[in-house]
Each structure stands twice: as C-alpha cells, then as structure tokens.
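Geometric and topological summary
One-letter residues, chain by chain:
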Amino acid sequence: MPAGQERVLRRRIRSVQSTQKITRAMELIASSRIVRAQQAIATARPYSERMRGVVAELSFTPEARSHWVFAGGGTDKVVIVLGGDRGLSGAFNGSVLRAADDLLRTLSVGGRGPVVVAVGRKAVGHFHFRGQPVAEHFEGMSDRPRFEDAQAVVAAVSRFLESGSVGELHLVSTRFLSMGSQRAEARRLVPIEGRTEDNATAFEFEPGPAEILDRLLPRWLEAEIYTAMLESAASFHVAQQRAMKAATDNADKLIKTLRRAMNRARQDAITTEIMEIVGGAEALRQDDAGQEASSRQEIYVYPEAS
C-alpha cells in the first residue's frame, strides 16, 4: 500500500507542477498587458474629459437645456454592462455583474426592466442564465479594446436613443483608479448633469447648441465608452495577474505538502521492506540453527541379546 500511495503522490505532484507552469505564464502575460493598458488609458482620458467638458458647457444655454441629453426623453432605460470575455480573474466579473444586477433592480418599474447591452462573454452568459433579456451583445473585445469596438457599441445604443423612447442611459463598468485600486460602479451618462451657474462661462455657439449636441453626442459617447472599455481591460489584467500569482503560490505550497507526504510514504515503504528483510533473515537463521541441532543428535545402537 505505501508503494502504491507513493506513485499516486508522484502523479499528483506532476499534475500540480503542470498547472503551476500555466498559471505562472498567465501571470506574466497579464503583467505585460497591464503596462500597455495603462498607456492606452493615459492617451484616451484627456480626449474624453475634454469632450465631457464641451458637452457640459452647452448645458448653460437655454436652448440646450431643453435638449433630451440634459432634460431626458422617454421612459425607457438602457444599461450598458462591460464584463470580461474570460475568467480566472478573481472577483473582477463577479463585482461588475453584482453592480449590474443591483442597478437593474433599482431601475425596474412595474415589472418592466431596462434594455440591456452586454459586452463580454461572462456578462452575456450571466444574463442568459438569469433569464434577463439582452437586446445587444458583443464578445471578443474586452482584452484589447479598440476604438472601433466602442463605435460598434455606440451604434447599437444609438438605435435606442434615436427612437426617442429612451430617457436614461447607464454604464456599469470597472473604474481603473490605480494598480492597487479598481472599483466596479454604475454611472448615468444620459441625462447629463450640467455645470452650476457659479462656474459658468459665456459662449456663443454656431450652429445652435441643439444641432451641436445632435452631432456631438455620438462622438462623446464613443469617447466615454472607449475609455471605460480601456479601464475595464486594465482592471481585468490586474485582477488576473493577482489571481494567477495566488494560484502559483498555492500550487507551490501544495507541491511542498505533497512532497512531504510522498517522503513519508517512501520512508514507510523502506521501513516495511527492511522489516520484511530482517524478518526473513531471522526466519532463515532459526531454520539453519534447527537443522544444525538435528544433525548433531547422537544415534544409539542397542546390542543384540546373547
């Protein structure tokens, strides 16, 4: 039995070592992608912030305040959920999907829920499993998002916005604050909250603010969605790097534990073999001693009677 146990432990150790090589490779890949994701965020943020500022400046004009971007339109609500295409990333997908579920419960009125646009296989699978209808879904763009991906998402959302029935547009994603801080959150994109009169700056717009908003809204949404997708991708890579590092460390601990158990099994097997050898030698010694004693016995011959 100990020898058989040793073979089983050897196989388990080789299996864990193979898994450890995979987790280590995934950790290194995620670490290399974090740097590129941070650079992409640093490049995209100034553009999206400036676009947000221009839209906010328009809110000071009376003509723009009546626009549905600020005043709201219909009663329908649209929620964009940015998840991941892959797992093995700790609580990344779970956090953003919980935030999405909370928002959907909050926005549901009279049994009628918002229109859901899901990005990422995990988000799509989550809503299908829960029976939540998904109006539009996108996959394969969460790891390395491109601006064209954001344009595709905005094009799908624009069909709902142009219908005139949508009054609110929400985005659920993971904000990348730093390497040590990422937060899943839900925020409202439409209606936009304009600036206060205290920090207002007088501008004259040509053409009119309403026409500018109609042209600017898709570009602004593309910038917002693209930046959110970049932050979500960076957060995913950070979460995966942490998860794979933890898995690699746990595999190392498990290998040490299995090796100790294998060494004990080997010692038990050696001890059993030694005891069997000693027992066999002792049995042979006793058998040889018995044979020698019997060979030394005297043979008595009784004389015949005369």
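Heads up: these notes are all about the structure in this document. Computed from a prediction, not measured in an experiment: that's the story for all the values here. (Residues numbered from 1 in each chain as written. Predicted model: local features only at pLDDT ≥ 70, side-chain atom pairs only at ≥ 80, totals over all residues. Heavy atoms only, no water.)

1. Quick word on the overall build of the protein chain
Secondary structure assignment for the protein chain yields seven helices and five strands. Starting at the N terminus, the α and β elements of the protein chain follow one another as α-α-α-β-α-β-α-β-α-β-β-α. Long-range pairs, those at least 24 residues apart, make up 77% of the contacts in the protein chain between residues at least 6 apart in sequence. Element-wise, carbon and sulfur atoms account for 53% of the exposed surface of the protein chain, whose accessible area totals about 17,700 Å². (Helix = DSSP H or I, 4+ residues; strand = E, 2+ residues; numbered from the N terminus. Contact = heavy atoms within 4.5 Å. Areas by Shrake-Rupley, 256 points an atom, 1.4 Å probe, with all protein chains shown as cover.)

2. Here's the deal with a nonpolar patch on the surface
A cluster of nonpolar side chains, contributed by I270, I274 and V278, occupies part of the molecular surface with about 270 Å² of accessible area. You can see I270 is positioned in helix 7 (residues 209–295). According to the relative accessible area criterion, I270 is partly exposed, its value standing at 42%. (Patch = residues over 30% accessible without salt bridge, like charges linked within 9 Å, V, L, I, M, F, W, Y side chains within 5 Å. Salt bridge = Lys/Arg side-chain N within 4 Å of Asp/Glu carboxyl O. Buried < 20%, exposed > 50% of the residue type's maximum accessible area, 1.4 Å probe, protein only.)

3. A few points about the side chain of S232
With respect to the helices and strands, S232 occurs in helix 7. Overall, the relative accessible area of 6% leaves S232 in the buried class. Excluding residues within four positions of it along the chain, S232 makes contact with L82, G83, F92 and T174.

4. Brief notes about the environment of A30
Position of A30 among the secondary structure elements: in helix 1 (residues 2–58). Residues contacting A30, with those up to four places away along its chain left out, are H237, Q240 and Q241.

5. Structural notes on the sheet that holds strand 2 (residues 115–119)
With mixed pairing, five strands are arranged side by side in an open sheet as 3-2-1-4-5. Looking at the sheet topology across the chains shown, the edges are occupied by strand 3 (136–138) and strand 5 (181–190). Taking the axes of each pair of neighbouring strands and ignoring which way they run, one obtains an average angle of 15 degrees across the sheet. When strand 2 meets strand 3, the two strands line up parallel, connected through three bridges. Bridge assignment links V119 to a residue of strand 3, and that residue is F138. Set on the sheet, helix 4 (residues 92–107) makes contact with strand 1 (76–82), strand 2, strand 4 (166–178) and strand 5; between it and strand 4 the angle comes to about 155 degrees. Its contacts with the sheet put helix 5 (residues 121–130) on strand 1, strand 2 and strand 3, and the angle it makes with strand 2 is roughly 140 degrees. (Pairing = 2+ DSSP bridges. Axes fitted to C-alpha atoms, helices over the stretch in contact; angles between N-to-C directions.)

6. Here we look at the packing of aromatic side chains
Within this structure, the stated rule accounts for two aromatic pairs. Plain terms: the ring middles of F92 and F236 are 5.5 Å apart, the flat faces sit at 70 degrees to each other, and that makes the pair edge-to-face. Highlighted residues: F92 in helix 4 and F236 in helix 7, separated in sequence by 144 residues. You'll find F92 and F236 in the same group, each marked buried. (Phe/Tyr/Trp six-rings, centres within 6.5 Å; stacked < 30°, edge-to-face > 60°.)

7. As for helix 5
Along an α-helix, residues three or four positions apart point the same way, because every turn accommodates 3.6 residues. Taken together, the buried positions of helix 5 are occupied by A123, V124, H126 and F127. Taken around the axis of helix 5, the buried residues stretch over an arc of 160 degrees, which confines them to a single face. Seen from the buried face of helix 5, the exposed residues on the opposite side, beyond 90 degrees, are H128 and F129. Buried residues in helix 5 make contact with strand 1, helix 4, strand 2 and strand 3. Downstream of helix 5 by one or two residues, G131 has phi in the positive range, about 75 degrees. (Arc of directions from axis to C-beta.)

8. A closer look at the environment of L82
Mapped onto the secondary structure, L82 falls in strand 1. The exposure class assigned to L82 is buried, which follows from its relative accessible area of 2%. Counting along the chain gives 40 residues from L82 to K122, while the straight-line C-alpha distance between them is 9.5 Å. Here L82 is in contact with V96, V119, L171, V172, S173, A228, M229 and S232, once residues within four sequence places are set aside.

9. Notes on the pattern of salt bridges
Within this structure, the stated rule accounts for 16 salt bridges. R86 is the partner of D143 in a salt bridge, and the nearest nitrogen-oxygen pair spans 2.9 Å. With D143 in the loop between strand 3 and helix 6 (147–161) and R86 in the loop between strand 1 and helix 4, this pair connects stretches of sequence that are 57 residues apart. R86 gets classed as partly exposed once you look at its relative accessible area, which sits at 29%. Note that K245 is salt-bridged to D249, the shortest N-O span being 3.2 Å. Remark: D249 and K245 occur in helix 7; sequence separation between them is four residues, near one turn of the helix.

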